Amino acid sequence: MMEQPYFLNDKEDAAMKHTVTLSNGVSVPALGQGTWYLGDAEEIRAREIDALRAGIEAGMTLLDTAENYGDGRSETLVGEAIRPYDRAKLFLVSKVMPSNAYGTRLMQSLDRSLSHLGTDYLDLYLYHWRGERPLVEMVAAMEEARTAGKIRAWGVSNLDTADMEELWRIDGGTNCAVNQVLYHMGSRGIDYSLLPWMRAHHVVLMAYCPLAQVGRLGCDLLGSSVLGELAAKYGATPAQIALAWAIRDGNTIAIPRTGRREHAVSNAGADAFDLTAEDCAAIDRVFPPPTQKEPLHIE
């Protein structure tokens, strides 16, 4: 039986129209909130907490963080931000570093993350990137944490097609629910092989940096003329068009990051409309899909 969706309350205007269903039957909003670089500056902490709460109240009840974001400061920020809300109505995601993703070390890292967040379970726990130790050790530790009830589901991050194929050959590896990778219309190398593989194997894409804000692959995405034209068509912002594009397939969760209330509310507004096939074709002409395999973009 499918569990209830992770929405703040039962009011229609507080729920996201676009949702994604994970392999364990849980339905989550297609738009969530990232927290990379949040929590690092004490002088803007209150503003960042206010932004996260505004996002939650706008329906973005999925929050993504990681143990190494600010050495736990991001998790602690999220823990403070979610304090006024019903934990059962939130979908909390954190990530474990490869150096901690095996044996008792994973459980120790998980317990630290839970303490930072002020909760006794995670809805989703991700292996942050491919490390040197065998994937079989990570899978065993994730399954142990799931059996113990400390996580509801697990997944991976920054794994490419060959990594996913290797994971699928491991006993328990097919329980992987999500692969979180960098994805936006200016960085869409995964469209060639990884994303088709994930769709065929019912692995949800979680797209980080969907607005091309961070890292070497950052670009003036929001200044593109095609986004400006589509924004005018829908009475939207270019950022909302970029987010609507990211979640267009019904199998993608986008997690834009912001420390400002007005941006969080605006991001949630991308849920209000759907791009047409003609819209997507116009975007493809400016930001074409790959014609060959590309290295997985990380930043």
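The name that an unreviewed UniProt entry assigns to the protein is NADP-dependent oxidoreductase domain-containing protein, with the source organism given as Selenomonas infelix ATCC 43532.

(A) Expanded view of the overall build of the protein. Looking only at helices and strands, the protein features ten helices and nine strands. Computed over C-alpha atoms, the radius of gyration of the protein comes to 18 Å, within 12% of the 19 Å expected from 2.2 N^0.38 for 299 residues, which places it in the range of a compact globule. Along the first, second and third principal axes, the C-alpha set of the protein runs to 55 × 45 × 40 Å. When the 299 residues of the protein are sorted by exposure, 56% land in the buried category. In the protein, of all internal contacts separated by at least 6 residues, the share reaching a separation of at least 24 is 75%. Total accessible area on the protein is roughly 12600 Å²; 50% of this is exposed by carbon and sulfur atoms. Between the averaged position of the 28 positive side-chain charges in the protein and that of its 40 negative side-chain charges there is a distance of 1 Å.

(B) Inspection of the packing of aromatic side chains at higher detail. Tallying each qualifying case throughout the model produces six aromatic pairs. Seen in terms of ring centroids, W36 and Y37 are 5.1 Å apart; in terms of plane orientation they differ by 5°. Their pairing is stacked. For W36, a relative accessible area of 23% gives the class partly exposed. Look at W36 and Y69: their rings are 6.4 Å apart centre to centre, the planes differ by 20°, and that puts the pair in the stacked class. With W36 in the loop between β2 (27-29) and α1 (45-57) and Y69 in the loop between β3 (62-64) and α2 (73-81), this residue pair connects regions lying 33 residues apart in the sequence. With relative accessibility at 8%, the residue Y69 sits in the buried group. Here the guanidinium or amino end of R87 rests over the ring plane of Y121, the centre of that ring lying 3.9 Å away. Above the face of the Y121 ring, R152 is positioned so that its terminal group lies 4.0 Å from the ring centre.

(C) Spotlight on unusual backbone geometry. Non-glycine residue Y37 carries a positive phi angle of around 75°. Relative to the helices and strands, Y37 is located in the loop between β2 and α1. When its relative accessible area of 47% is taken as the criterion, Y37 is described as partly exposed. Positive phi, close to 55°, is recorded for C209, a residue that is not glycine. Within the element layout of this structure, C209 appears in the loop between β8 (204-208) and α7 (225-234). Its relative accessible area of 10% is what places C209 among the buried residues.

Here is what the cut-offs are and how they apply
- Residues numbered from 1 in each chain as written.
- Predicted model: local features only at pLDDT ≥ 70, side-chain atom pairs only at ≥ 80, totals over all residues.
- Heavy atoms only, no water.
- Helix = DSSP H or I, 4+ residues; strand = E, 2+ residues; numbered from the N terminus.
- Rg over C-alpha atoms; globule rule 2.2 N^0.38 Å.
- Buried < 20%, exposed > 50% of the residue type's maximum accessible area, 1.4 Å probe, protein only.
- Contact = heavy atoms within 4.5 Å.
- Areas by Shrake-Rupley, 256 points an atom, 1.4 Å probe, with all protein chains shown as cover.
- Lys, Arg positive; Asp, Glu negative; His and termini not counted.
- Charge placed at Lys NZ, Arg CZ, Asp CG, Glu CD.
- Phe/Tyr/Trp six-rings, centres within 6.5 Å; stacked < 30°, edge-to-face > 60°.
- Lys NZ or Arg CZ within 6 Å of the ring centre and 35° of its normal.

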